[in-house]
Amino acid sequence: MKKIAVVFLLLNSLVIFGQRPGGLSKGKGAGEITGRVIDSETQKAMEYVTVALFKAKDSSLVTGQITDTKGEFYLRELPFGNYYLRFSFIGYKNTFQNNIVLSPAQKSIDFNKVILATDQELLEDVEVVVDRPQVVYEIDKKVVNVEDMNTVASATAIEVLENIPSITVDMDGNVSLRGSSGFTLLIDNKPSPLEASEALQLIPASNIKDIEIITNPSAKYNAEGTSGIINVILKKNKLEGISTLINLNGATFENYGGDFLVSINKNKVKLNVGGNFRNRNRYRDITQERIIIYDENISQVNSEGLHRFFSTNYGLNAALEWSPNRKNSFSLGMNGNQRQFNAAANYDFLEYSNNTLTNQYTNKERTLRQFFGATASAGYEHLIGGDKEHRINVTAVYNIHDGDEDALTESFDENNIRQEGNQSTEVGPSKMFRVNLDYEKPLRSNSKLKLGLRSDFGNNKDDQDSYELNTTTGEYDKLPLLSTDVDYLQNVYAAYAIYSGEFKSKLGYQFGLRSEYTDRNIYMETLNSSTDIERLDLFPSAHFSYKLDKKNQLKANFSRRIQRPRSWNLEPFISWEDPYTVRQGNPDLLPEYIQSYELGWIKNVKKGSFSTELYYRNTINTIERIQEAYDSTVIIKRPVNAGESNSFGAELSYRKRLVKWWSIDLGVNSFYYQISGVLSGEAFQRESFSYNLRLSNTFNLKKDWKIQAISRYTSAIATAQGRTNDFLTLDLAVKKDFWQNKLSGALQFRNALNSMRRETWVETTVLYSYRLAEPRWPEIALSIAFRLNNYNHQDKIKTVKGEEF
């Protein structure tokens with residue numbers, strides 16, 4: 001162990017050699033903390049000790065530094081508040097200075113002598129593990145700590161979201177926020193060039209720091225999204241020096257991957273560079289039954305088989321921040337992903353007509369997709385008069401997404417002779433450019449004014465061609481009537497104003513109004529026709545918070561939002577999924593309009609927290625994907641405006657450390673859902689009461705062992721034409737940290753009970769459709785994380801016996 005520690009010490013010395021602590025000059029109304037670190041045995045100054053400052057309230061990192069050649073550190077321009085310090089160095093016990101309070105009466109604190117003891121000195125003090133709170137509540141959002149979710153260490157953002165309050169994820173990776181799949185995805189506050197489900201599958205869980213859930217966004221945010229915004233915050237280093245994080249993972253069914261992140265933070269420059277590689281496989285056993293009543297004929301098709309998704313992804317990203325002085329800062333960011341996303345399936349089909357078996361064959365399907373997505377961003381911020389609260393900033397983001405798809409489905413008889421075949425290809429790039437101008441100004445009486453402008457320019461092109469097998473020639477002939485080119489143009493121009501403030505340090509308020517002008521054109525080259533929309537919408541919002549006392553807080557908010565149809569939902573051409581299923585877009589789709597209300601109560605309890613929220617959401621022009629009879633044996637899937645829907649629900653969250661080594665985190669979301677409208681000329685109304693349960697048990701054991709068990713239950717829910725059944729799942733993980741968290745290993749067992757499944761029904765007067773999908777089992781993964789220098793998210797707090805931090 002001594003040799004290994006020396007190696008780590010040498011590596012750290014190489015990494016941070018030549019680094020010097022920096023700091024900005026002391027600013028108005030700010031505090032500073034200084035001090036000197038010495039060795040307990042030699043009484044000599046210690047160079048290169050990592051000094052990290054955390055907020056006492058939620059243990060979030062504020063800033064940090066490396067001690068200089070004299071063992072000294074200087075943390076300047078710190079907001080007034082309560083903090084604690086952590087001092088760490090390889091081969092030494094972590095040391096903490098608690099109960100640090102900076103205020104107008106005490107702007108400067110000096111720790112003249114901070115002593116670090118080596119690991120060999122066994123102290124009698126008790127060590128307890130202090131994790132960041134699972135959920136932190138702010139006036140307009142919830143911030144969920146992701147770093148301590150050990151059950152998803154080798155997975156992606158999709159698996160992370162399974163464990164987040166308000167969010168449900170089905171077996172196929174479809175994400176819903178409070179029962180709605182219409183949400184906006186941001187990555188570090190920037191839109192992704194990919195569809196949300198695709199983008200989330202590309203983000204390694206090990207790269208995520210926090211996830212922000214904004215169910216009622218303020219007027220500052222884009223009004224897009226039925227149920228709100230999911231903002232994924234990636235890890236970045238705030239401490240001076242160089243830090244490296246490397247993750248490797250492998251799992252059953254040929255799943256493996258890795259990622260790295262290097263952070264350089266020196267004086268006025270911060271640079272983060274990362275990359276990832278992932279090979280992913282998902283196997284599903286599929287059972288389907290379908291009955292169609294068409295022209296007095298009853299046709300039935302039964303099928304079962306294996307479906308496989310397999311993908312390979314490479315990604316690189318970089319972010320640069322430069323602050324030449326305390327008034328100005330510049331930022332640049334770039335990321336790119338190259339992805340192959342494929343699917344293959346073999347199904348055995350039985351076809352009946354009026355209860356008589358008429359055909360039996362095997363269907364083979366394969367879909368080849370290749371995508372490239374890239375994002376570039378630039379930003380500038382200026383502090384007017386050097387005041388952090390009075391600022392103006394400009395940001396610009398450019399996204400590009402280019403890809404092609406080739407889908408083939410063929411049927412073979414019992415002698416493996418090809419009988420039928422359909423093929424569809426799609427090629428099309430999409431581009432988006434966005435520019436923001438935001439201004440903030442503090443006013444009197446703790447109030448603030450925010451103003452902003454934003455423009456989004458988007459263009460998608462799709463060239464879609466359909467082919468059918470010519471059994472005589474053995475070649476595929478193009479079908480001109482099912483082939484088309486579509487040019488989709490959408491520009492949105494927005495402006496917003498927000499006024500916020502605080503009254504007597506108890507009542508917080510925020511009022512906002514956003515206007516958006518939409519200019520959209522869809523041109524179909526084959527039909528030589530176009531559809532245009534020019535529309536102005538207003539989106540008000542209001543947020544309130546009231547502190548009853550130190551432990552109780554109330555929240556209330558309201559917002560109006562919009563969910564515009566995606567480009568692929570508007571494309572009118574037909575694509576084949578299998579011999580009995582086609583899909584088609586709908587150029588006449590109207591946007592969804594949503595009004596959302598929330599009322600919440602947050603209570604801090606001893607060693608934990610409790611919160612509950614009531615919410616109501618009304619949606620008009622609700623978009624649903626329905627199924628109808630296309631002919632006697634084929635169904636067609638297409639999106640329609642099904643009508644009006646209402647959701648009324650309650651969400652509860654409870655977190656408590658039961659004993660020093662055991663904490664629980666419980667989340668419950670229950671809601672009543674009702675939808676009514678007209679489909680295929682017939683009025684309908686469906687309703688359901690649904691609920692989701694999530695329970696996390698975390699056991700912090702001796703010698704840096706941790707066990708985590710997360711169970712989830714999702715009840716059945718109604719759809720416009722049927723329902724989706726309930727399911728239960730359990731994930732387990734065992735984690736071990738080595739060498740003061742420099743190396744970690746986690747063994748995960750997902751779907752431990754083999755109980756996850758997706759079961760759906762569709763029932764109309766002429767159509768019955770049933771589908772069951774079950775994942776292959778077991779799903780076992782091993783992940784290894786290696787950290788150099790500053791990436792320690794879990795801290796050991798030294799306390800006196802009988803007292804907890």
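Above this text you will find the structure in question.
Parameters at a glance
Residues numbered from 1 in each chain as written. Predicted model: local features only at pLDDT ≥ 70, side-chain atom pairs only at ≥ 80, totals over all residues. Heavy atoms only, no water. Helix = DSSP H or I, 4+ residues; strand = E, 2+ residues; numbered from the N terminus. Buried < 20%, exposed > 50% of the residue type's maximum accessible area, 1.4 Å probe, protein only. Areas by Shrake-Rupley, 256 points an atom, 1.4 Å probe, with all protein chains shown as cover. Polar contact = N/O pair within 3.5 Å; in protein donor to acceptor, adjacent residues only side chain to side chain. Core = buried A, V, L, I, M, F, W, Y, C linked by side-chain atoms within 4.5 Å. Contact = heavy atoms within 4.5 Å. Salt bridge = Lys/Arg side-chain N within 4 Å of Asp/Glu carboxyl O. Pairing = 2+ DSSP bridges. Axes fitted to C-alpha atoms, helices over the stretch in contact; angles between N-to-C directions. Patch = residues over 30% accessible without salt bridge, like charges linked within 9 Å, V, L, I, M, F, W, Y side chains within 5 Å. Lys, Arg positive; Asp, Glu negative; His and termini not counted. Charge placed at Lys NZ, Arg CZ, Asp CG, Glu CD. Phe/Tyr/Trp six-rings, centres within 6.5 Å; stacked < 30°, edge-to-face > 60°. Lys NZ or Arg CZ within 6 Å of the ring centre and 35° of its normal.

J.: Talk me through the overall build of the protein chain; I want residue IDs and the actual numbers.
T.: Within the protein chain one finds four helices and 46 strands. Put simply, the protein chain has 805 residues, and 53% of those count as buried. Carbon together with sulfur atoms contributes 55% to the accessible area of the protein chain, which is approximately 36300 Å² in total.

J.: I'd like a description of the environment of N399, backed by residues and values.
T.: Inspection of the secondary structure puts N399 in strand 23 (residues 391–412). What makes N399 buried here is its relative accessible area of 2%. Taking the C-alpha atoms as reference points, N399 and M334, separated by 65 residues in sequence, lie 10.0 Å from one another. Engagement of the side chain of N399 in a polar contact is seen with the side chain of T375, the distance being 2.7 Å.

J.: Give a detailed account of the nonpolar core, specifying residues and quantitative values.
T.: Counting residues in hydrophobic clusters, the biggest one holds 23 residues, and the most contacted among them are L161, I167, V175, I211 and I230. Beyond its immediate sequence surroundings of up to four residues, V175 is in contact with I158, L161, I167, T168, V169, S180, S181, F183, L200 and I230.

J.: How would you sum up the pattern of salt bridges? Please name residues and give values.
T.: Opposite charge on two side chains lets them pair, provided their charged atoms get close. Counted under the stated rule, the structure contains 24 salt bridges. Taking the shortest distance from any N to any O, the salt bridge between E77 and R326 comes out at 3.0 Å. Of this pair, E77 sits in strand 4 (residues 72–78) while R326 sits in the loop between strand 20 (297–325) and strand 21 (328–353); the two residues are 249 residues apart in sequence, bridging distant segments of the chain. Overlapping salt bridges bring together E224, R514, E516, R564 and R566 as one network.

J.: Quick rundown of unusual backbone geometry? Include the residues and the values.
T.: Along the chain, W777 connects to P778 via a cis peptide bond; the corresponding omega equals 5°. On the secondary structure map, P778 appears in the loop between strand 44 (767–775) and strand 45 (779–788). Within the chain, E77 stands out as a residue other than glycine whose phi angle is a positive 55°. Despite not being glycine, N354 has its phi angle at roughly 50°, a positive value. Summarising the element assignment, N354 is placed in the loop between strand 21 and strand 22 (356–383). Overall, N354 belongs to the partly exposed group, its relative accessible area being 41%.

J.: So what's going on with the sheet that holds strand 7 (residues 108–116)? Residues and values would help.
T.: Sheets are built from strands paired through backbone hydrogen bonds, the pairs being either parallel or antiparallel. Taken together, the three strands give an open sheet; going across it, the order is 4-1-7, and neighbouring strands pair in mixed fashion. The open sheet has two edge strands, strand 4 and strand 7, and neither has a second partner. Strand-to-strand twist of the sheet, defined as the mean angle between neighbouring strand axes without regard to direction, takes the value 15°. Of the pairings in the sheet, the one linking strand 1 (residues 31–39) to strand 7 comprises seven bridges and is parallel in character. Bridging from a neighbouring strand, E32 pairs with S108 of strand 7.

J.: I'd like a description of a negative patch on the surface, backed by residues and values.
T.: A cluster of acidic residues, E420, E468, E475 and D477, forms a negative patch on the protein surface. Relative to the assigned elements, E468 resides in strand 25 (residues 448–470). The exposure class of E468 is partly exposed, given its relative accessible area of 40%.

J.: Tell me about the packing of aromatic side chains, and name the residues and values.
T.: A complete count under the given rule lists 28 aromatic pairs for this structure. Taken together, a centroid distance of 6.0 Å and an interplanar angle of 40° make the contact between Y256 and F277 tilted. Placement of Y256 in strand 18 (residues 255–266) and of F277 in strand 19 (residues 269–294) is noted, with a sequence separation of 21 residues between them. Take Y256: its relative accessible area is 40%, and that puts it in the partly exposed class. F277 sits in the partly exposed class, given a relative accessible area of 26%. Through a chain of ring-to-ring contacts, three or more aromatic side chains come together here, namely F433, F457, Y493 and Y517. Lying across the ring of F412, K364 places its NZ or CZ 4.8 Å from the centre. The aromatic ring of F738 is capped on one face by K736, whose charged end is 5.4 Å from the ring centroid.

J.: If you had to explain the sheet that holds strand 2 (residues 50–55) to someone new, which residues and values would you point to?
T.: Overall, antiparallel pairing links the four strands, which are arranged 3-2-5-6 in an open sheet. Every other strand in the sheet has two partners, leaving strand 3 (61–66) and strand 6 (95–102) as the edge strands with one partner each. Between one strand axis and the next, the sheet turns by 20° as a mean value, whatever way the strands run.

J.: A description of the environment of M432 should follow, citing residues and the corresponding values.
T.: Position of M432 among the secondary structure elements: in strand 24 (residues 418–442). Its relative accessible area of 18% is what places M432 among the buried residues. Taking the C-alpha atoms as reference, M432 lies 4.3 Å from G458; in sequence the two are 26 residues apart. Excluding residues that lie within four positions of it along the chain, M432 makes contacts with P191, V397, Y398, N399, D456, F457 and G458.

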